[in-house]
Amino acid sequence: MTDFLTLYSPATVANMVCGFDILGFALEAPYDTMHMRLTDQPGVLITHEDDFQLPTEPARNVAGAALLALLKAAPAGTGFEVRINKAILPGSGIGSSAASAAGAVVGANKLLGGIFSLEELVQFAMFGEEVASGAQHADNIAPAIYGGVTLIRSTDPLDIVPLSAPPLHVTVVHPQIEIRTADARQILKQEVPLKSAVRQWANVGGLVAGLLKSDYQLIGRSLEDIIVEPVRSILIPGFAAVKACSLEAGALGGGISGSGPSIFMLSETEATAQAVAAAMRAVYEKLNVDFHIHVSTINPIGVRFTH
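Let me sum up the structure you'll find in this document. Since this is a predicted model, take the numbers as computed values, not measurements. (Residues numbered from 1 in each chain as written. Predicted model: local features only at pLDDT ≥ 70, side-chain atom pairs only at ≥ 80, totals over all residues. Heavy atoms only, no water.)

## Some details on the overall build of the protein
If you tally the helices and strands in the protein, you get 10 helices and 11 strands. By its C-alpha atoms, the protein is 55 × 40 × 35 Å across when sized along the principal axes. The buried share of the protein, reckoned over its 307 residues, is 55%. Taking the intrachain contacts of the protein between residues at least 6 apart in sequence as the baseline, contacts between residues at least 24 apart amount to 74%. Split by element, the accessible area of the protein, about 13000 Å² in all, is 53% carbon and sulfur. Each charge class in the protein can be summarised by its mean position, and for the 19 positive and 29 negative side chains these summaries are 5 Å apart. (Helix = DSSP H or I, 4+ residues; strand = E, 2+ residues; numbered from the N terminus. Buried < 20%, exposed > 50% of the residue type's maximum accessible area, 1.4 Å probe, protein only. Contact = heavy atoms within 4.5 Å. Areas by Shrake-Rupley, 256 points an atom, 1.4 Å probe, with all protein chains shown as cover. Lys, Arg positive; Asp, Glu negative; His and termini not counted. Charge placed at Lys NZ, Arg CZ, Asp CG, Glu CD.)

Structure follows, in structure tokens:
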């Protein structure tokens, strides 16, 4: 039995407005704290040190499901003990389930001496996302593991493209309501008019080009979603007001984080990001809706360790 390894697994923003299921980035804060070690007994033992009453049976726990997938490819007899303290609220829309799944497989890989590639770790962690939402999507998992901004060009076969990006500041508001990812997927239209699809493709291309060219104005112009946001935003109180006030405060743009209810906005400077936070605060105080606000930068590393 080894000593515990301590790791910090970050929140993530998925979709990046127009990039539904294909774009995401990691945040510096908030993050979950996890302690892991190898055990003498094969299998997975999970303990939650938070108050969210999440299941600890491995197959029903996102970290556990990810580790069970990894164990199929690990040396025979391998076992892990995992202690999880979540600071990323479940159902917040900033990758709570992905943080648990990604942290678990990255920690396991370190304990095993780095025998798996980053791409393999994403594949294992996607089994955790399937437990959470019913779908093996990677737009939260990939940035949590790779760090920075990632493009999921394909999930079958898996093809992840890390993207460079200019310095960006992120303001996230989490109104205290819960939207289940599975429910938010069910309301989406299954067919899209060709005209809308073309416009969406143009925005995704523009956003990727803007990131690679460090063109803040192009990034701002491309942060438009005409397919998913119009449907999902109905579930989020104050969405239109938050978006309008944030743009007025100087944000480049933004939208729903993941399936919501969190809303994120990108800004060029920290001062603007703080002004956006004040604008968001004013909206929800007026609506009398409880909320949390995070102001962060993009995390270039993803999961990080201390002993």
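## A closer look at the pattern of salt bridges
Close approach of charged atoms allows side chains with opposite charge to pair. Counted under the stated rule, the structure contains 6 salt bridges. The salt bridge partner of Glu81 is Arg37, with a shortest N-O separation of 3.0 Å. Placement of Glu81 in strand β4 (residues 79-85) and of Arg37 in strand β2 (residues 23-38) is noted, with a sequence separation of 44 residues between them. Each of the two residues, Glu81 as well as Arg37, counts as buried. Across the pair Lys243 and Glu229 runs a salt bridge whose closest N-O atoms are separated by 2.7 Å. Highlighted residues: Lys243 in helix α9 (residues 239-248) and Glu229 in helix α8 (residues 229-232), separated in sequence by 14 residues. No difference in accessibility class separates Lys243 from Glu229, as the two residues are buried. Salt bridges sharing partners connect three or more residues here, namely Arg37, Glu81 and Arg83. (Salt bridge = Lys/Arg side-chain N within 4 Å of Asp/Glu carboxyl O.)

## Structural notes on the layout of surface pockets
Estimates place the volume of the second largest pocket at around 330 Å³. If you go around the second largest pocket, you meet 16 residues; those closest to its centre are Lys189, Glu191, Val192, Ile227 and Val228. Those elements that place two or more of their residues in the lining of the second largest pocket are α6 (194-213) and α8. Class assignment for the residues of the lining of the second largest pocket results in 11 nonpolar, 3 polar and 2 charged. (1 Å grid on protein atoms, 1.4 Å probe; cavity = no way out; pocket = protein on both sides within 12 Å on 5 of 7 lines; lining within 4 Å. Points joined across faces, edges and corners; volume = space filled by probe spheres on them. Nonpolar A, V, L, I, M, F, W, Y, C, P; charged D, E, K, R; others polar.)

## Concerning α9
Residues of α9 that are buried include every one of Phe239, Val242, Lys243 and Ser246, and no others. In an axial view of α9, the angular spread of the buried residues amounts to 95°, which keeps them on one side of the axis. Of the residues in α9, the exposed ones pointing more than 90 degrees away from the buried face are Ala240 and Glu248. Along its buried surface, α9 packs onto β7 (169-175), α8, β8 (253-256), β9 (263-267) and α10 (270-287). A positive phi of about 110° marks Gly250, the residue just after α9. (Arc of directions from axis to C-beta.)

## Notes on the pairing of strand β1 (residues 5-14)
Taken across its 10 residues, β1 has 10 buried, putting it largely inside the fold. Direction of pairing for β1 relative to β2: antiparallel, over a ladder of 9 bridges. Bridging across to β2, Val13 finds its partner in Phe25. (Pairing = 2+ DSSP bridges.)

## Here's the deal with empty space enclosed by the protein
Unfilled space is identified by rolling a water-sized probe across the atoms. In the structure shown here, the tally under the stated rule is 2 cavities of 30 Å³ or more. Quantified by volume, the largest cavity comes out at close to 60 Å³. Around the largest cavity, the lining residues are Asn15, Val17, Phe20, Asp225, Val228, Glu229, Ile256 and Gly258. Classifying every residue of the lining of the largest cavity gives 4 nonpolar, 2 polar and 2 charged. Here the second largest cavity is characterised by a volume of approximately 30 Å³.

## Considerations on the packing of α9 against α10
Direction vectors running N to C along α9 and α10 enclose 150°, while the axes themselves pass 9 Å from each other. Considering their axes alone, α9 and α10 lie roughly antiparallel with respect to each other. Seen from above, α9 lies across α10 with right-handed handedness. Contacts between α9 and α10 involve Phe239, Ala241, Val242, Cys245 and Ser246 on the former and, on the latter, Val276, Ala279, Met280, Val283 and Tyr284. Among the residues forming the contact of α9 with α10, the class breakdown is 9 nonpolar, 1 polar and no charged. (Axes fitted to C-alpha atoms, helices over the stretch in contact; angles between N-to-C directions. Parallel < 35°, antiparallel > 145°, perpendicular 65-115°, else oblique. Left-handed = near helix turned anticlockwise from the far one by under 90°.)

## Considering α10
Across its 18 residues, α10 extends 26 Å between first and last C-alpha, which sits within 8% of the 26 Å expected from 1.5 Å per residue. Taken residue by residue, α10 has Thr272, Ala273, Val276, Ala277, Ala279, Met280, Val283 and Tyr284 as its buried positions. Seen end-on, α10 carries its buried residues on one side only, within an arc spanning 165°. Turned more than 90 degrees off the buried face of α10, the exposed positions are Ala271, Glu285 and Lys286. Note on α10: the residue one or two positions beyond its end, Asn288, has a positive phi of about 60°. (Expected span 1.5 Å × (residues − 1).)

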